[in-house]
Amino acid sequence: MSDTSGAGNAGPPTTLFQHALRLHRLTPDTPLFRGGEPFPDAEGRPRRWSGLPYDPEAGAARAAEILSAHFADDRAPSFRLVRELRDVPFPYRSDERLKAVALRAPAARVRETGRLLVRYGTEPTPVAVGLALLTEVATARDIPLIQTVGLLSKPFAPAAVMALDRLQGGVEALIWLAERVTVWGRVHAVDKLLRRRDDHPAVRPWLLRRAADGDHLNAYFAAEVARATALHEVVARSGDDAEVVDHAGRLLHVMKHCEGMGTSLRQYEHAVTVMEAHARHIRVLGPTAERYFTAASLAQYLGTQTPAWSDDPAVGAHWEGVRMSYLDLTDRADWCDVARKGLAAGDWRMTWLAGSMAPELDLRAFRDLRTLRNGRDGEP
């Protein structure tokens, strides 16, 4: 039987915590499939986060009123809040009104209430309010609870990140959650870890290897990760560390699309240094689908952009030299074999290259495919 109770089921509705925990057990080391969506609602009907009511001002004001009345009555049962907050619009995660209510009431009672709302909320608002309370009064005991519900990335990860960041032992907890959240949740988690990079020895290695997951929102932090970790120095001496080298390629690829969101590759002052080292190392490490894709996409970018931080002809010559290095890799027989195998296996990166970039760059791996297609297109 599904954890989600339907209209004809007699069981209680699935809490969002239960929903997250069940999905996490299916993929314990990676983000939840589709961020945990669709979510079950109180009647057991699945629905998507985009369809939930969202009004930060009205939601926070109403939630603060309900909490104030609750804490003013020592005999008020906390479980009643789950129902009273259920239909309140989703509040902003760090609203000062909720913080003020939490700080006025006894910490032990606020903590008990926050735990109850996070664990037993069947709608997003009670859980969000519970996280807001725990942000102010949580202890290390609350880390697993906060982490689990934070796996539901879109509604709860930013608030979970804030709560974990304030706790003793929060750095390890943040790294754990950052590995398993996507979209804005990952942006907030990486931002906190960037600020904590000198507080714990595990932060810098994680930032160098795992920060970017390929989502377009990585553009908000890609350059900050590169600068904070001195990527241009680290990659130059990390040729035997494939994880660092491949993650550097991921950051470089993301920085192609950073205009308006962060520092783009053409604006990054160490771009040539990082790319020269990256191209040199992946030549030695050998081809993979990801490395082929990165080399081809960077070659295309370098051919259409120029470095914005310098008009020195020597810099321009290095820029062009890196472009030719990447193109040379895509022309090697063993690299072409990997690209063709990826295309045959349905790898989206190779499919995209074959359909959009291969003609512009005249990629050898896809020439025969284009010839075959052109011949078929010309057949009567």
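Residues numbered from 1 in each chain as written. Predicted model: local features only at pLDDT ≥ 70, side-chain atom pairs only at ≥ 80, totals over all residues. Heavy atoms only, no water.

**Overview of unusual backbone geometry**
As a reminder, the rule being used: Strands are runs of DSSP state E lasting at least 2 residues, helices are runs of H or I lasting at least 4, and numbering of each runs from the N terminus. Summary of the burial criterion: residues with accessible area below 20% of their type's maximum are buried, those above 50% are exposed, and those between are partly exposed, where the area comes from a 1.4 Å probe applied to protein chains only.
A cis amide bond links Glu37 to the next residue, Pro38, at an omega of 0°. For Pro38, the location among the structural elements is in the loop between helix H1 (16-26) and strand E1 (39-40). Phi at Arg34 takes a positive value of approximately 55°, unusual for a residue other than glycine. Tracing the backbone through its elements, the reader meets Arg34 in the loop between H1 and E1. Overall, Arg34 belongs to the exposed group, its relative accessible area being 56%. Of note, the phi angle at Val183 is positive, near 40°, even though the residue is not glycine. Locating Val183 in the fold gives a position in helix H10 (residues 183-195).

**Looking at the nonpolar core**
Operational definition: Only buried residues count toward a nonpolar core, which is a set of Ala, Val, Leu, Ile, Met, Phe, Trp, Tyr and Cys residues joined through side-chain atoms within 4.5 Å. Contacts: residue pairs with any heavy atoms within 4.5 Å of one another.
Ranked by internal contacts, the top residues of the largest apolar core, which has 99 residues, are Tyr292, Tyr326 and Phe366. Of all the elements, helix H16 (residues 289-304) adds the most residues to this core, at 9 residues. With sequence-adjacent residues up to four places away left out, Tyr326 is seen in contact with Leu252, Met275, His278, Ala279, Ile282, Ala295, Leu298, Ala299 and Leu302. Counting 20 residues, the second largest nonpolar core, distinct from the first, contains Ile66, Leu81, Leu98 and Val101.

**Structural notes on the pattern of salt bridges**
The condition is simple: The term salt bridge refers to a side-chain nitrogen of Lys or Arg lying within 4 Å of a carboxyl oxygen of Asp or Glu.
The final tally for this structure, using the stated rule, is 31 salt bridges. Asp213 serves as the salt-bridge partner of Arg186, at 3.7 Å between the closest nitrogen and oxygen. Note that Arg186 is positioned in helix H10 and Asp213 in the loop between helix H11 (203-209) and helix H12 (222-228), a separation of 27 residues in sequence. With its nearest N and O atoms 2.8 Å apart, the salt bridge here joins Asp328 to Arg283.

**What to know about the confidence of the model for the protein chain**
What counts is decided by this rule: In predicted models, pLDDT denotes the confidence assigned by the predictor to each residue on a 0 to 100 scale.
Per-chain confidence: the protein chain averages 90 in pLDDT, with 90% of residues scoring 70 or above. Predicted confidence for residues 1-8 stays below pLDDT 50, and this span has 14 contacts to residues more than four positions away or in other chains. Predicted confidence is poor over residues 374-380, with pLDDT under 50, and the contacts of this stretch with residues over four places away or in other chains come to 0 contacts.

**Quick word on empty space enclosed by the protein**
To be explicit about the condition: Whether a set of points on the 1 Å grid over the protein atoms alone is a cavity depends on a 1.4 Å probe fitting there but being unable to get out, while an open set qualifies as a pocket with protein on both sides within 12 Å along at least five of seven lines; lining residues are those with an atom within 4 Å of a point. Grid points are joined across faces, edges and corners, and a volume is the space filled by probe spheres set on the points.
With the rule as written, the count across this model stands at 2 cavities of 30 Å³ or more. The space that makes up the second largest cavity amounts to roughly 30 Å³. Taken together, Asp246, Gly249, Arg250, His278, Glu290, Arg291 and Thr294 form the lining of the second largest cavity. Broken down by secondary-structure element, the contributors of at least two residues to the lining of the second largest cavity are helix H14 (242-255) and H16.

**What about helix H18 (residues 333-344)?**
Helical periodicity: at 3.6 residues per turn, an α-helix aligns residues three or four positions apart in one direction. Which entries qualify depends on this criterion: Take the residue count of a helix, subtract one, and multiply by 1.5 Å to get its expected span. It is the directions from the helix axis to the C-beta atoms whose arc is reported.
Between the first and last C-alpha of H18 there are 16 Å, a value that for 12 residues agrees with the 16 Å anticipated at 1.5 Å per step. For H18, the complete set of buried residues consists of Trp335, Cys336, Ala339 and Gly342. For H18, the buried positions fall inside an angular range of 125° around the axis, keeping them on one side. Seen from the open side of H18, the exposed residues pointing more than 90 degrees away from its buried face are Lys341 and Ala344. Residues of H18 that are buried in the fold lie against helix H15 (271-285), H16, helix H17 (313-331) and helix H19 (348-361). Following H18 by one or two positions, Gly346 has its phi on the positive side, about 85°.

**So, the environment of Pro91**
Along the chain, the position of Pro91 falls in the loop between helix H3 (79-84) and helix H4 (96-104). Spatially, the C-alpha atom of Pro91 lies 6.9 Å from that of Glu57, the residues being 34 residues apart in sequence.

**Notes on helix H8 (residues 153-165)**
Of all the 13 residues making up H8, 11 are buried; the element is thus mostly covered by neighbouring parts of the structure. Listed as buried for H8 are Ser153, Pro155, Phe156, Ala157, Pro158, Ala159, Ala160, Val161, Ala163, Leu164 and Asp165. In the core, the buried residues of H8 are packed alongside H1, E1, helix H6 (124-137), helix H7 (143-150), helix H9 (170-178) and H10.

**Regarding the packing of aromatic side chains**
Cut-off, in case you're wondering: Any pair of Phe, Tyr and Trp rings, taking the six-membered ring for Trp, is counted once the centres come within 6.5 Å. Such a pair is stacked with planes under 30 degrees apart, edge-to-face with planes over 60 apart, and tilted for the rest.
This model, assessed by the stated rule, comprises 7 aromatic pairs. Look at Tyr292 and Phe366: their rings are 6.2 Å apart centre to centre, the planes differ by 85°, and that puts the pair in the edge-to-face class. Of this pair, Tyr292 sits in helix H16 while Phe366 sits in the loop between H19 and helix H20 (367-377), and the two are 74 residues apart along the sequence. Of the two residues, Tyr292 and Phe366, both sit in the buried class.

**A look at the side chain of Arg323**
Following the sequence through the fold, Arg323 ends up in helix H17. For Arg323, a relative accessible area of 19% corresponds to the buried category. Setting aside chain neighbours within four positions, we find Arg323 in contact with Ala299, Leu302 and Gly303.

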